[in-house]
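Below are the chains, spelled out letter by letter.
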Amino acid sequence: MRVEIEKPGGGIRPLGIPTVTDRIAQMVVKLLIEPELERHFHPHSYGYRPGKSAHQALLIAKKRCNKRVWVLDMDIKGFFEEINHELLMRAVRLHVKESWQLMYIKRWLTAPVQHENGRIEVKRKGTPQGGVISPLLANLYLHYVFDFWVEKNWKGIEFERYADDIICHCSSERGAGRLLTLLNNRFNECGLQLHPTKTKISYCKGGRNKGDHEDVSFDFLGYTFRPRWIKTRQGYQGLLFIAAVSQKSAKRIRQEINRWPWKYWRQKELTDIRKYCQSRLRGWLTYYGLFGKSIIRNVLFHFDKRLSRWAKAKYKQLKTLMQAARRINRSRRMNPDWFPHWSCV
C-alpha cells in the first residue's frame, strides 16, 4: 500500500506499507541476514543499525569539524525511490547465500504497489520506505556505492553517514571540490543523483573572518553547524563553530505544538496536559539538547506561550495574556518537574 506524507522541509515522501504477513516475513529475513551484513558495514555508518545512533554521528561530526575546516554536505535526490534493483541484488548475493532469502528479497523489491485511489504501480527501481527490511537493504546499497568505494579511492577520508545523509570532512576547498566531482560521477554510475542545490561545500570555522566563503554552515540530522556568538563560563566571548537545533527542526516543533488540542484542553486541567505532552517534550529536549541546550529550551518556550493562552481561555479571571503568563510562571516555580524543559531553566 502506497501512502504519501509531507516531508518536514516540503515535498512528499512516499511510504510503502507491506501487508502484515510480509512485515513478519521481512522481519524474519532481516534478523537472519543482519549479523552477516553488520560484519562488513563501515564503523561510521550510523543509520538504522544496532548499537548506532544519530547522537554518535553528531559527536563525531563535531570533533572532526574542529580538525578539518571544509565539509562536503551531500543530499541524494530521492534515494529510496532510485535504488537500482540489479546493483542491489548483486550486493545482496555477496552476503546472502540462502536461495529462499534471495527469492523473497527480490519479490519484495519488485512487488506492485497499490495507491490510495486503487491504482497499481509496477516497481522497477527503489525500495519502499516503510518496509521492515528496506533500511538494511538501503544501507547495503550505500555501503558499496559510497562507504567502501570512497575509502578505496580517496585515502584518509573522514565521513559520517546516517542512511542517505552524508557529510565528508576535507582539508582544503580544492580537495572538497575534487571529491564532489568524483562522487557525482560515482553516484550517477549507480543510478543516483546528488541534489544540485542541497549538496554544498561549507567552510567550518569560528571567528569573525570568513573570507570569501559563501557557505559557513551545514545541516546534519536536525542540527545546524555554524559560527555562533558564545560567552563561556570562563569569561571568553567570541564566535565559535558549534551545533544547535536547526531552524527547520525548530519550526517543525512549533508547528506540532500548535496542532495539539488546545481548545479541547480548556475543559481539562494542567495535569491532563502534562500526561499528553511530557514524553514529547522530553524527547525533543533529549535529542536536540546534545548541543546548544539553551537554544532548544528557547524553542520549547513556545509551549509555555501556548500554555499561557490556554490559561487565559480557561480561567476567566485572567483578563490579559500577561496575567496568564504570570500564573504559568508561578506553576513552573512551584512544580519545576511537571514539564522537562521547566527544570532546565
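A brief look at the structure comes next. (Residues numbered from 1 in each chain as written. Predicted model: local features only at pLDDT ≥ 70, side-chain atom pairs only at ≥ 80, totals over all residues. Heavy atoms only, no water.)

1. A word on the sheet that holds strand E11 (residues 237-245)
Heads up, the condition is: By definition, two strands form a pair when at least two bridges between them are found by DSSP. Helix and strand labels come from DSSP, where a helix needs a run of H or I of at least four residues and a strand needs a run of E of at least two; each type is numbered from the N terminus. Axis definition: a line fitted to C-alpha atoms, limited for helices to the stretch in contact. Angles are taken between N-to-C directions and run from 0 to 180 degrees. Any pair of residues with heavy atoms lying within 4.5 Å of one another is described as a contacting pair.
Across the sheet, three strands lie side by side as E9-E10-E11; this open sheet has antiparallel pairing. Strand pairing shows two members of the sheet lacking a second neighbour, strand E9 (218-220) and E11, which therefore form its edges. Across the sheet, the mean angle from the axis of one strand to that of its neighbour is 50°, orientation sign disregarded. Its contacts with the sheet place helix H2 (residues 54-65) against E9, strand E10 (223-231) and E11, and it is angled at close to 55° to E10.

2. Side note on the side chain of Asp-73
Short version of the rule: Buried, partly exposed and exposed residues are distinguished by accessible area as a fraction of the type maximum, computed with a 1.4 Å probe on protein chains only: under 20%, between the cut-offs, and over 50%, respectively. Positive residues here are Lys and Arg, negative ones are Asp and Glu, while His and the chain termini are left out of the count. For salt bridges, the criterion is a side-chain nitrogen of Lys or Arg within 4 Å of an Asp or Glu carboxyl oxygen.
Relative to the assigned elements, Asp-73 resides in strand E3 (residues 70-75). For the buried Asp-73, which has no salt bridge, the nearest side chain bearing the opposite charge is Lys-200, at an N-O separation of 5.3 Å. With sequence-adjacent residues up to four places away left out, Asp-73 is seen in contact with Ile-166, Ile-167, Lys-198, Thr-199, Lys-200, Phe-218 and Asp-219.

3. Describing the pattern of salt bridges
Between side chains of opposite charge, a pair can form when the charged atoms approach closely. Considering all chains together, one arrives at 12 salt bridges under this definition. Its salt-bridge partner being Lys-67, residue Glu-158 comes within 3.6 Å of it at the nearest N-O pair. Of the two residues, Glu-158 sits in strand E6 (residues 158-162) while Lys-67 sits in the loop between H2 and E3, which places them 91 residues apart along the sequence. Its relative accessible area of 15% is what places Glu-158 among the buried residues. The closest approach of N and O atoms between Asp-304 and Arg-332, which form a salt bridge, is 3.7 Å. You can see Asp-304 sitting in helix H10 (residues 293-314) and its partner Arg-332 sitting in helix H11 (residues 321-334), a full 28 residues away along the chain. With relative accessibility at 5%, the residue Asp-304 sits in the buried group.

4. Some remarks on the nonpolar core
Heads up, the condition is: Residues belong to one nonpolar core when they are buried, are Ala, Val, Leu, Ile, Met, Phe, Trp, Tyr or Cys, and are joined through side-chain atoms within 4.5 Å.
In this structure, Phe-225, Phe-303 and Leu-307 are the most contacted members of the largest nonpolar core, which totals 47 residues. Those elements that provide at least two residues to this core are H2, E9, E10, E11, helix H8 (247-259), helix H9 (270-288), H10 and H11. Leave out the neighbours within four places in its chain, and Phe-225 touches Leu-58, Ala-61, Lys-62, Cys-65, Val-216, Ser-217, Phe-218, Phe-220, Phe-241, Ile-242 and Ala-243.

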